[in-house]
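Residue strings, one per chain:
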Amino acid sequence: MSRRYEESSSDADDEYGHTHDHAGETLNEPTLERTFAALPPSRGRGFAVTWWGQAWLRALEDTALDAAQVKSGRRLARAGAVGAVSVRPGRITAVVQGRDRTQHRSDVLLQQLSDVEWDRFLDMAVERAGHIAALLDREMPPHLVEDAAAAGVELLPGIGDLEPECDCGTWDHCAHTAALCYQLARLLDQDPFVLLLMRGRGERELLDELQVRSVAQASATAAPEEAQEEVPEGVDAQEAYSAGQILPPLPAPQPAPQEPGVPPSLDTEAEPAPGLDVLGLEFLAAQAAAEAHRLLTDALAAGHKDQPLASDLTVDQDAVRLAADAPGTEITARLASASGRGPDGLALAVRAWRYGGAAALPVLDEEWAPEGEALARARAALESAWEDDERPELRGARNRWTVVGTQEVGAQAQLRLGRDGRWWPYRKERGRWAPAGPPAHDPATALAVATGGE
């Protein structure tokens, strides 16, 4: 038989002396050789699960002239008679033990792709990020093979493409080369890069070439900044993540806009659909735009990755957040009712929110008794906050300390200790305690706000 092959320059027997790592595979980059440890017997299971592994076996079974030899090879492979498999461009090699326990050096040859064919394949793969993502996930989807064939590149072997060589002397596929083919189908199931190595290129070399071509393509198609008007076509997020090893680096993030976008107006001549609350919907759209702008601004700020994740708001907290944006009388009344606070209670909650966000609401609503270390720290903070002749008289009740004295010296002021250890200033207004300012770690600072105004 005549054939065109480019074989590895390494000694054909060297692979049997390799030391295997925990994955059962040895890489020999200078010769583009991968050696896989002998696989255990495969009793009770098929050799190929993937469609490309089955296509490899069809190439064997449709080529071999003696079906009995193929069956014998399948039995040998199933019994674990195939030793370590060495994969090189154009050739796979293994020692196979026959039924008479005689060992035979067996090879199966597959024609390598030419440089022109590899160029076509790489250009095609760069055009479709999904192809690269699939290979990195150790998949070979049918459309990858179909697109390669359309570019004139046959990846999978066909009839007559798997040529046998065995020292048993059989000129066609014998039981030994058939067993080697069955064993390779199991390897192909796990990693389609094995097939590409047989076709002439190793995984690392392929990925490096794809990265170079991706960068070159991006540079060649990039228009001057002032002329870029078209929005570039995107790719699926999963594909982009999987192909991150070979795609060009992402551009620098754009700065956040100065203000939120303006939602579309729903004030049209057409009557709204039954049950559609136009006023509420417009308000929620504006709030969504404002919140998106805030989140984006925070995300682009320095040190954002070091900040703790914010907890999700409860329904009550979210109602207060919405009311803090002064939505108007009608919506405010609905928020007061929905939150269960009523108009006056919601007004106090909005003041607290503006001073401290969601953390301020439990200080407004709850009383709790500090104990142990928390109580000791609170007492130490109150003791050290003032000089002896300046310390106000405070009456403590649970987490609240109220100034004792006449109104002129601050009888209407109160300190509230939050669970985070901060002190919140409160002032009595119209018979109710109301938030008077932001929290402070120093009780004297918080009390000065409560007694002296904001």
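See the structure printed just above.
Residues numbered from 1 in each chain as written. Predicted model: local features only at pLDDT ≥ 70, side-chain atom pairs only at ≥ 80, totals over all residues. Heavy atoms only, no water.

1. Quick notes on the side chain of Asp189
Here is step 1: Its place among the elements puts Asp189 in helix α6 (residues 175–190).
Here is step 2: Ignoring anything within four residues of it in the chain, the contact list for Asp189 reads Phe47, Ala48, Val49, Thr50, Trp52 and Gly53. (Helix = DSSP H or I, 4+ residues; strand = E, 2+ residues; numbered from the N terminus. Contact = heavy atoms within 4.5 Å.)

2. Remarks on the pairing of strand β11 (residues 432–435)
Here is step 1: The sheet contact formed by strand β10 (residues 423–429) and β11 spans 4 bridges and is antiparallel. Across the sheet, residue Glu429 finds its bridge partner in β11, namely Arg432.
Here is step 2: The turn linking β10 back onto β11 is made up of 2 residues, and Arg430 within it adopts a positive phi angle of 50°. (Pairing = 2+ DSSP bridges.)

3. Section: the pattern of salt bridges
Here is step 1: Scanning the entire structure with this criterion turns up 22 salt bridges.
Here is step 2: The salt bridge partner of Arg91 is Glu165, with a shortest N-O separation of 3.3 Å. Placement of Arg91 in strand β4 (residues 91–97) and of Glu165 in strand β6 (residues 163–166) is noted, with a sequence separation of 74 residues between them.
Here is step 3: On the basis of relative accessibility, which here comes to 6%, the residue Arg91 falls in the buried class.
Here is step 4: Given the relative accessible area of 29%, Glu165 is considered partly exposed.
Here is step 5: In this structure, Asp420 and Arg422 form a salt bridge, with 2.7 Å as the shortest nitrogen-oxygen distance.
Here is step 6: In this structure, a network of salt bridges that share partners links the residues Arg34, Arg138, Asp191 and Glu203. (Salt bridge = Lys/Arg side-chain N within 4 Å of Asp/Glu carboxyl O. Buried < 20%, exposed > 50% of the residue type's maximum accessible area, 1.4 Å probe, protein only.)

4. Focus: the sheet that holds β10
Here is step 1: Pairing is antiparallel in the open sheet, where 5 strands are placed in the order β7-β8-β9-β10-β11. Every other strand in the sheet has two partners, leaving β7 (394–397) and β11 as the edge strands with one partner each. Each strand axis lies, on average, 30° off the axis of its neighbour in the sheet, ignoring direction.
Here is step 2: Direction of pairing for β7 relative to strand β8 (residues 400–403): antiparallel, over a ladder of 4 bridges. Within β8, the residue paired with Gly396 across the bridge is Trp401.
Here is step 3: Taken strand by strand, helix α13 (residues 342–356) contacts β10 and β11, and its axis lies near 30° from that of β11.
Here is step 4: Contacts between helix α16 (residues 443–452) and the sheet are confined to β8, β9 (413–417) and β10, with β10 contributing the most and set at about 20° to the helix. (Axes fitted to C-alpha atoms, helices over the stretch in contact; angles between N-to-C directions.)

5. What to know about the nonpolar core
Here is step 1: Ranked by internal contacts, the top residues of the largest apolar core, which has 60 residues, are Trp56, Val87, Phe121 and Leu184.
Here is step 2: With 10 residues, the single largest contributor to this core is α6.
Here is step 3: Val87 has contacts with Leu32, Glu33, Arg34, Phe36, Ile92, Leu184, Val194, Leu197 and Met198, leaving out every residue within four places of it along the chain.
Here is step 4: Among the nonpolar cores identified, the runner-up in size contains 23 residues, and Ala323, Ala324, Ala352 and Ala360 belong to it. (Core = buried A, V, L, I, M, F, W, Y, C linked by side-chain atoms within 4.5 Å.)

6. Let's talk about the pairing of β9
Here is step 1: The buried count for β9 comes to 5 of 5 residues, which makes it a mostly enclosed element.
Here is step 2: Of the two faces of β9, both are covered, the one formed by Ala413, Leu415 and Leu417 as well as the one formed by Gln414 and Arg416.
Here is step 3: With 3 bridges connecting them, β8 and β9 associate as antiparallel partners. Within β9, the position partnered with Thr402 by the bridge is Gln414.
Here is step 4: The pairing of β9 with β10 spans 5 bridges and is antiparallel. Following the sheet pairing, Ala413 is matched in β10 by Arg427.
Here is step 5: Hairpin connection between β9 and β10: a loop of 5 residues separates the two successive antiparallel strands, and Gly421 in this loop has a positive phi of roughly 90°.

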